[in-house]
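# Reading the structure
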Amino acid sequence: GAGVSQSPSNKVTEKGKDVELRCDPISGHTALYWYRQSLGQGLEFLIYFQGNSAPDKSGLPSDRFSAERTGGSVSTLTIQRTQQEDSAVYLCASSLAPTGGGSYTFGSGTRLTVV
Amino acid sequence: DQQVKQNSPSLSVQEGRISILNCDYTNSMFDYFLWYKKYPAEGPTFLISISSIKDKNEDGRFTVFLNKSAKHLSLHIVPSQPGDSAVYFCAAVGSARQLTFGSGTQLTVLP
């Protein structure tokens, strides 16, 4: 597709359940990032994939969070045993290469609500 | 500890006037700085960037200024338009090639 696609756009889940969030990056983009934005907060880095390199997981807030990227394309962010503090908008971005000059394109995000 | 800070959560400006959004950073190893605009229910949209070797970059109504000695950058929008009303995020990139964002400034341009 022309842009970064994320699904679902909205997800309401019960506390303790697992959720999977999906990101389809722009075709050919080798770098993929996950961020989240909690209410009233800035964007918080979660994880970064670059090509076949080991991902940078330094932003994941706990071991309940994991992500994978299959075939260098689609990525899935999984949150196990969700907690209310996990409620946020989860944003995915991709870039053609890990450059600094603004080639990062964001999806519209998945709004996760844990009740 | 926030490495990128936007100390003004909100800013209101009259249409046609200049909007100045400010951002401070602490990490001297950042080599690119970017500004993103975000509307509700949408992802951030790239606006303009600047390399750390420059002090100014201009694109139409948008100009970004970088003062490395003060670790400060600003985004100028002139003339401001009602459609510019959005949350503006400052972001920085270092060797890890991840974006580090500020907390955002809500700009409201009054008609």
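Think of each chain on its own: its residues are numbered from 1, step by step along the sequence as written. Throughout, the order in which chains and ligands are written sets their labels, letters from A for the former and numbers from 1 for the latter. Only residues with pLDDT of at least 70 are given local features in this predicted model, and only at 80 or more are side-chain atom pairs given and counted; all residues enter the totals for whole chains, interfaces and linings. As a rule here, side-chain values come from all non-hydrogen atoms in the structure, and water together with hydrogens is ignored.

The next point concerns the overall build of chain A. Per the secondary structure count, chain A includes zero helices and 10 strands. In DSSP terms, a helix is any run of H or I states spanning at least four residues, a strand is any run of E spanning at least two, and both are numbered starting from the N terminus. For chain A, the sequential pattern of α-helices and β-strands runs β-β-β-β-β-β-β-β-β-β. Taken over C-alpha atoms, the radius of gyration is set against a globule rule of 2.2 Å times the number of residues to the power 0.38. Taking 13 Å as the expected radius of gyration for a compact globule of 115 residues, we find that chain A reaches 13 Å, a close match to that expectation. When its C-alpha atoms are laid out on the principal axes, chain A stretches across 35 × 25 × 25 Å. Within the span of chain A, comprising 115 residues, buried residues form 47% of the whole. Only heavy atoms matter for contacts: two residues are in contact if any of them lie within 4.5 Å across the pair. Taking the contacts inside chain A whose residues are at least 6 apart along the sequence as the reference set, 55% of them involve residues at least 24 apart. Areas reported here follow the Shrake-Rupley algorithm with a probe of radius 1.4 Å; residue values treat only the protein chains shown as occluding. A total accessible area of about 5300 Å² is found for chain A, and carbon and sulfur atoms account for 46% of it. We count Lys and Arg on the positive side and Asp and Glu on the negative side, and we leave His and both chain ends out. The atom standing in for a charge is NZ when the residue is Lys, CZ when it is Arg, CG when it is Asp and CD when it is Glu. Of the charged side chains in chain A, 10 are positive and 10 negative; the average position of the first set lies 3 Å away from that of the second. Note on exposure labels: buried denotes an accessible area under 20% of the residue type's maximum, exposed denotes more than 50%, and partly exposed covers the range between, all computed with a 1.4 Å probe on protein chains only.

Here we come to the interface of chain B and chain A. One frequently used descriptor of interface size is the decrease in accessible area upon assembly of the parts. On the chain A side, the residues contacting the 19 residues of chain B number 20 residues. Buried area: the sum, over both parts, of the accessible surface (1.4 Å probe) that disappears when the two are put together. Summed over both partners, the interface of chain B with chain A comes to about 1500 Å²; 59% of that surface belongs to carbon and sulfur atoms. Salt bridge, as used here: a side-chain nitrogen of Lys or Arg that lies within 4 Å of a carboxyl oxygen of Asp or Glu. In this assembly, chain B and chain A are joined by zero salt bridges. Within the residue set of the side of chain B that touches chain A, elements represented by two or more residues are β4 (32-38), β5 (45-51), β9 (86-93) and β10 (99-101) of chain B. Counted by class, the side of chain B that touches chain A contains 11 nonpolar, five polar and three charged residues. All amino acids are sorted into three groups, where Ala, Val, Leu, Ile, Met, Phe, Trp, Tyr, Cys and Pro are nonpolar, Asp, Glu, Lys and Arg are charged, and the leftover types, Gly among them, are polar.

Now for the side chain of A:Gln6. All names here are of chain A. Turning to its location among the elements, Gln-6 is positioned in strand β1 (residues 5-7). Of note is the side chain of Gln-6, whose polar atom sits 2.9 Å from the backbone oxygen of Tyr-90. Within the local environment of Gln-6, its side chain forms a polar contact with the backbone nitrogen of Gly-109, the two atoms lying 3.0 Å apart. Excluding residues that lie within four positions of it along the chain, Gln-6 makes contacts with Arg-22, Trp-34, Tyr-90, Leu-91, Cys-92, Gly-107, Ser-108, Gly-109 and Thr-110. Pairing of N or O atoms within 3.5 Å defines a polar contact, subject to two protein rules: one partner must be a possible hydrogen donor and the other a possible acceptor, and residues neighboring in sequence count only if both atoms are side-chain atoms.

Take the nonpolar core next. Residues and elements named next belong to chain B. Counting 23 residues, the largest nonpolar core has Phe-33, Trp-35, Leu-73, Leu-75 and Tyr-88 as the members making the most contacts within it. Elements with a contribution of two residues or more to this core: β3 (19-25), β4, β5, β7 (62-67), β8 (72-77), β9 and β11 (105-110). When residues of this core are assigned to their parent elements, the largest contribution, four residues, is made by β9. Residue types Ala, Val, Leu, Ile, Met, Phe, Trp, Tyr and Cys, when buried and joined through side-chain atoms within 4.5 Å, form a set referred to as a nonpolar core.

Time to look at the state of the cysteines. Only a pair of cysteine sulfur atoms within 2.5 Å counts as a disulfide in this structure description. This model, assessed by the stated rule, comprises two disulfides over all chains. A:Cys23 shares a disulfide with A:Cys92; S-S distance 1.9 Å. A torsion of -65 degrees about the S-S bond marks the disulfide between A:Cys23 and A:Cys92 as left-handed. A residue pair is termed long-range when its members are at least 10 positions apart, and A:Cys23 in strand β3 (residues 19-24) and A:Cys92 in strand β8 (residues 88-95) qualify at 69 residues. The pair A:Cys23 / A:Cys92 is uniform in exposure class, with both members buried. The side chain of B:Cys23 participates in a disulfide bridge whose partner is B:Cys90; the two sulfur atoms lie 2.0 Å from each other.

Time to look at the sheet that holds strand β6 (residues 56-59) of chain B. Residue and element names in this part refer to chain B. A pair of strands counts as paired when DSSP detects no fewer than two bridges linking them. Strand order across the open sheet formed by five strands is β1-β3-β8-β7-β6, with antiparallel pairing between neighbours. Since the sheet does not close on itself, it has two edges, and those belong to β1 (4-5) and β6, each with one partner. Where β1 and β3 come together, two bridges link them in antiparallel fashion. Residue pairing for β3: Val-4 is matched across the bridge by Tyr-25.

With that settled, the discussion passes to the confidence of the model for chain B. Residue-level confidence of the predictor is what pLDDT reports, using numbers from 0 through 100. For chain B, per-residue confidence averages 94 on the pLDDT scale, and 99% of positions sit at 70 or higher. Looking at the elements of chain B, mean pLDDT is at its lowest for β10(B), recorded as 89, and at its highest for β8(B), recorded as 98.

Let us now look at the pairing of β8(B). Residues and elements named next belong to chain B. Within β8, five of the six residues are buried, leaving the element largely enclosed by the surrounding structure. Across six bridges, β3 lies against β8 in antiparallel orientation. Paired with Asp-24 across the bridge in β8 is His-72. In the sheet, β7 pairs with β8 via six bridges, with the strands oriented antiparallel.

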